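Architecture and fold: a report
This is what each chain is made of:
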Amino acid sequence: MIRDPDTLALLTEAIGRFVREQLIPNESLVAETDAVPEPIIAEMKKLGLFGLSIPEGYGGLGLTMEEEVEVAFVLGGTSPAFRSLIGTNNGIGSQGIILDGTAEQKARYLPRLASGELVAAFALTEPGSGSDAASLSTTALPREGHYVLNGTKRYITNAPEAGIFTVMARTDPADKSPRGISAFIVERGTPGLALGRVDRKMGQRGAHTCDVIFEDCRVPATQLLGGREGVGFRTAMKVLDKGRLHIAAVCVGVAERMLADALAYAMARKQFGQPIAEFQLIQAMLADSRTEIYASRSMVLDAARRRDDGKDVTTEAACSKLFASEMCGRVADRAVQIHGGAGYVSDYAIERFYRDVRLFRIYEGTSQIQQLVIARNMIREAKG
Ligand code: COS
């Protein structure tokens with residue numbers, strides 16, 4: 001649902017200008033220094049990028065899902081590391097509080113997340129629990145008005161920057177089912193919370209992940225998300241439904257950027273006496289990429305509109321993430337191929353994008369987990 005097309009156009013134009021004039025020129029610097037420069041972060045705050053999906057009542061822009069994916073298409077036009085910095089505040093870091101938090105929890109955290117003063121992270125994955133998220137073993141045991149957390153969370157995006165963590169932990173260790181899991185908001189600086197060293201990754205330099213370690217970390221009972229035990233896994237799954245749709249939109253934007261770079265290269269590069277874009281084998285790669293991007297964009301928009309209509313989009317979000325992330329990988333591969341030898345050296349952005357986009361098929365649920373979610377829902381629906 002687009003509430004006001006003119007307002008949305010103003011926003012996407014402003015973000016598009018920011019991408020072209022400030023983010024693209026700084027891509028190499030971010031990759032070299034592994035950091036997003038402070039003036040860019042300040043501009044992101046000014047544009048409202050940290051609060052895109054946070055309700056207006058809490059200082060955010062309150063975008064609908066359709067509006068949010070339109071913004072993600074535009075932000076995808078540059079290195080994913082920039083989007084990652086604002087990604088958790090709009091997605092997995094804040095959505096638990098928005099969907100299931102108490103009024104006090106919303107009032108305490110959402111305004112600072114919307115302004116970018118505070119960064120939020122989502123701590124579900126553990127060393128022994130990735131795709132099988134419900135098998136997590138971090139515990140949160142009630143003691144004297146507090147919960148005491150013990151366990152390790154792994155590959156937590158924006159953990160080095162985060163001021164708060166949404167942490168999924170087992171409040172009933174005897175219950176090994178998803179119903180034994182609860183969610184907590186844990187503030188940075190809480191005694192017993194420590195961070196591991198920043199992970200060295202294949203790509204997306206400038207976006208950071210690390211372990212989050214809890215050792216007898218005492219959290220006030222008021223930090224139990226929504227004030228309810230046993231619903232933390234459901235919260236995490238609902239958060240991921242939305243997150244997967246957002247990532248699918250980012251995949252569309254990044255694929256468009258890679259294809260634009262490949263087309264520009266193919267039109268400029270001459271072999272056998274003419275631009276390589278004139279050769280049909282190159283044209284096939286360009287055309288297949290354009291077609292698959294169009295299909296992905298259409299899926300994402302349809303799923304976003306359905307979500308705005310209040311429909312359950314677990315299946316459609318998984319379909320979109322599966323198709324768009326795999327599409328993005330294929331487009332990256334073809335774009336490198338079109339660049340030839342130039343695609344393998346780091347003077348051209350495509351070498352970096354090729355590594356950056358590999359993550360899309362893995363995080364917020366691997367392609368195999370999306371397949372499993374889709375097929376299980378099909379079987380459930382068929383059984384009625
Ligand atoms: N929305 C709301 N509730 C949901 C849900 C959704 N999308 N998906 C599952 N649930 C609920 C189920 O209804 C069930 O509730 P009840 O116990 O009340 O019946 C509960 O959650 C458990 O669901 P399920 O039985 O499907 O859990 P499984 O352990 O079998 O599998 C998968 C769940 C595999 C889909 C899940 O673990 C998953 O998504 N894994 C990937 C994790 C991931 O994406 N990690 C990325 C890192 S975080 S960036």
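What counts and what doesn't
- Residues numbered from 1 in each chain as written.
- Predicted model: local features only at pLDDT ≥ 70, side-chain atom pairs only at ≥ 80, totals over all residues.
- Heavy atoms only, no water.
- Helix = DSSP H or I, 4+ residues; strand = E, 2+ residues; numbered from the N terminus.
- Rg over C-alpha atoms; globule rule 2.2 N^0.38 Å.
- Buried < 20%, exposed > 50% of the residue type's maximum accessible area, 1.4 Å probe, protein only.
- Areas by Shrake-Rupley, 256 points an atom, 1.4 Å probe, with all protein chains shown as cover.
- Lys, Arg positive; Asp, Glu negative; His and termini not counted.
- Charge placed at Lys NZ, Arg CZ, Asp CG, Glu CD.
- Expected span 1.5 Å × (residues − 1).
- Contact = heavy atoms within 4.5 Å.
- Near = heavy atom within 4 Å.
- Polar contact = N/O pair within 3.5 Å; in protein donor to acceptor, adjacent residues only side chain to side chain.
- Nonpolar A, V, L, I, M, F, W, Y, C, P; charged D, E, K, R; others polar.
- Core = buried A, V, L, I, M, F, W, Y, C linked by side-chain atoms within 4.5 Å.
- Domains from an automatic or database assignment.
- Buried area = accessible area lost by both parts, 1.4 Å probe.
- Salt bridge = Lys/Arg side-chain N within 4 Å of Asp/Glu carboxyl O.
- Axes fitted to C-alpha atoms, helices over the stretch in contact; angles between N-to-C directions.
- Left-handed = near helix turned anticlockwise from the far one by under 90°.
- Pairing = 2+ DSSP bridges.

On to the overall build of the protein chain, then. Helix and strand content of the protein chain: 12 helices and nine strands. The C-alpha radius of gyration of the protein chain comes to 21 Å, within 12% of the 21 Å expected for a compact globule of 384 residues. If you line up the protein chain on its principal axes, its C-alpha atoms span 80 × 55 × 45 Å. When each of the 384 residues of the protein chain is scored for burial, the buried share is 54%. Accessible surface computed for the protein chain: about 17200 Å², of which carbon and sulfur atoms make up 53%. Distance between charge centroids for the protein chain: 3 Å, based on 45 positive and 47 negative side chains.

Helix length check: helix 9 (residues 280-308) (29 residues) gives 42 Å between terminal C-alpha atoms against 42 Å at 1.5 Å per residue, within 8%. Where helix 9 is concerned, the buried positions are Ile282, Met285, Leu286, Ser289, Glu292, Ile293, Ser296, Val300, Leu301, Ala303, Ala304 and Asp308. Buried residues along helix 9 sit against helix 4 (65-75), helix 8 (232-268) and helix 10 (314-339). Trailing helix 9 by a residue or two, Gly310 shows a phi angle of about 85°, which is positive.

Okay, the site of the ligand next. As a structural note, the neighbourhood of the ligand is formed by 22 residues, with Ser131, Asp241, Arg244, Gly365 and Arg376 the closest of them. Taking Thr314, its side chain carries an N or O atom lying 3.4 Å from a nitrogen atom of the ligand. At 2.5 Å from an oxygen atom of the ligand is found a side-chain nitrogen or oxygen belonging to Arg376. For the shell around the ligand, the elements supplying multiple residues, two or more each, are helix 8 and helix 12 (367-383). In terms of residue class, the shell around the ligand is built from 10 nonpolar, five polar and seven charged.

Okay, the nonpolar core next. Counting 44 residues, the largest nonpolar core has Val69, Val254, Met258, Val300, Cys328, Ile338 and Phe360 as the members making the most contacts within it. Elements with a contribution of two residues or more to this core: helix 4, helix 8, helix 9, helix 10 and helix 11 (349-356). Looking at this core element by element, the count peaks at 14 residues for helix 8. Split by domain, the residues of this core number at least three in each of domain 1 (5-115) and domain 3 (234-383). Once you skip the residues sitting within four places of it in the chain, Val69 turns out to touch Leu245, Ala249, Val300, Leu301 and Ala304. Counting residues in each nonpolar core, the second largest holds 25 residues, with Ile54, Ala120, Phe233 and Ala236 among its members.

Let's shift gears to the domain arrangement of the protein chain. As far as domains go, the protein chain holds domain 1 (5-115), domain 2 (120-228) and domain 3 (234-383). For domain 1 versus domain 2, the separation of C-alpha centres amounts to 23 Å. Each side of the interface is counted separately: domain 1 has 25 residues, and domain 2 has 20 residues. If you sort the residues of domain 1 by the area they bury against domain 2, Asp34, Gln105 and Tyr109 come out on top, with a joint share of 30%. Note that Arg108 and Glu187 form a salt bridge whose closest N and O atoms lie 2.7 Å from each other.

Running from amino to carboxyl end, helix 4 crosses helix 8 at an angle of 35°, the nearest separation of the two axes being 7 Å. As helix 4 packs across helix 8, the resulting crossing turns out to be right-handed. Facing Met65, Glu68, Val69, Ala72 and Phe73 of helix 4, the residues of helix 8 in contact are Lys242, Leu245, His246, Ala249, Val250, Val252 and Gly253. In terms of residue class, the contact of helix 4 with helix 8 is made up of eight nonpolar, two polar and two charged.

Below, the discussion takes up the pairing of strand 3 (residues 146-157). The side chains of a regular strand alternate between the sheet's two faces. The pairing of strand 2 (residues 139-143) with strand 3 spans five bridges and is antiparallel. In the strand pairing of strand 3, Pro142 is matched with Tyr147. The antiparallel hairpin formed by strand 2 and strand 3 contains two residues in its connecting segment, where Glu144 sits at a positive phi of about 45°. Across nine bridges, strand 3 lies against strand 7 (residues 209-220) in antiparallel orientation. The partner of Gly151 across the bridge, within strand 7, is Phe214.

What follows covers the pattern of salt bridges. Applying the stated criterion across every chain, the model contains 19 salt bridges. One salt bridge in this structure joins Arg3 and Glu67, with 2.8 Å as the shortest N-O distance. Here Glu67 lies in helix 4 and Arg3 lies in the segment before helix 1 (5-23), a separation of 64 residues in the sequence. In this structure Arg3 comes out as partly exposed when scored by relative accessible area, which is 42%. A relative accessible area of 3% places Glu67 in the buried class. Close ionic contact of Lys242 with Glu68 constitutes a salt bridge, the shortest N to O distance being 2.8 Å. In this pair, Lys242 sits in helix 8 while Glu68 sits in helix 4, placing the two residues 174 residues apart along the sequence.

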